[in-house]
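Spelled out from the first residue to the last, the chains are:
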Amino acid sequence: MFSRTMILAAVATFAALPMAASATSLYHSAPGEAGFTEHPDHLTSSKTRAQVQAEVLAAQKDGSLSRIARGLPLPAETQGMNKTRAQVIAEMLNEPAAERRAREALMKGG
């Protein structure tokens, strides 16, 4: 079956995966009371300072910055209605039986 060496190699690989994933993050886990170390040089950004400033100004104008600062959720973006009431009713009347059963089961929760 599996040799002891193969099992140890697999365990070592899986143990190292979380460390590899955090190599590009700002914080790394560390032993001791603090529990982490900070490495600002590990962060990389693809945005320029001007792009970030433009995003902040846009967020101030649309009000989302004040909502984020207060910990409130952002409102969902709504798209206009794509279908008329008559179109929706016509779709439901012409719905195949299998789809209707699936939709009704979904609505019942079972």
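Scroll up a little and you will see the structure.
The rules behind these values
- Residues numbered from 1 in each chain as written.
- Predicted model: local features only at pLDDT ≥ 70, side-chain atom pairs only at ≥ 80, totals over all residues.
- Heavy atoms only, no water.
- Helix = DSSP H or I, 4+ residues; strand = E, 2+ residues; numbered from the N terminus.
- Contact = heavy atoms within 4.5 Å.
- Areas by Shrake-Rupley, 256 points an atom, 1.4 Å probe, with all protein chains shown as cover.
- Salt bridge = Lys/Arg side-chain N within 4 Å of Asp/Glu carboxyl O.
- Buried < 20%, exposed > 50% of the residue type's maximum accessible area, 1.4 Å probe, protein only.
- Patch = residues over 30% accessible without salt bridge, like charges linked within 9 Å, V, L, I, M, F, W, Y side chains within 5 Å.
- Expected span 1.5 Å × (residues − 1).

Engineer: What's the story with the overall build of the chain in this structure? I'm lost.
Structural biologist: Across its full length, the chain holds five helices and two strands. Along the chain, helices (α) and strands (β) appear in the sequence α-β-β-α-α-α-α when read from the amino end. Long-range contacts, defined as pairs at least 24 residues apart, comprise 0% of the intrachain contacts of the chain with a sequence gap of at least 6. On the chain, roughly 10,100 Å² of surface is accessible, and the fraction owed to carbon and sulfur atoms is 62%.

Engineer: I tried to follow the pattern of salt bridges on my own but got confused; where do I start?
Structural biologist: Opposite charge on two side chains permits them to pair, given that their charged atoms come into close proximity. Applying the stated criterion to the full structure yields four salt bridges. Between Lys83 and Glu91 there is a salt bridge whose closest N-O contact spans 2.8 Å. Judged by relative accessible area, Glu91 falls into the partly exposed class, the value being 43%.

Engineer: Mind showing me how you'd approach a nonpolar patch on the surface here?
Structural biologist: Among the surface-exposed residues, Val52, Val56 and Leu65 lie close enough to one another that they form a single nonpolar patch of about 190 Å² accessible area. With respect to the helices and strands, the residue Val52 is situated in helix 2 (residues 49-62).

Engineer: What am I meant to see in helix 2 here?
Structural biologist: Note that an α-helix has 3.6 residues per turn; residues three or four places apart therefore point the same way. In this model, helix 2 (14 residues) spans 20 Å end to end at C-alpha, consistent with the 20 Å of a helix rising 1.5 Å per residue. In the stretch just after helix 2, Gly63 is the one whose phi turns positive, near 90 degrees.

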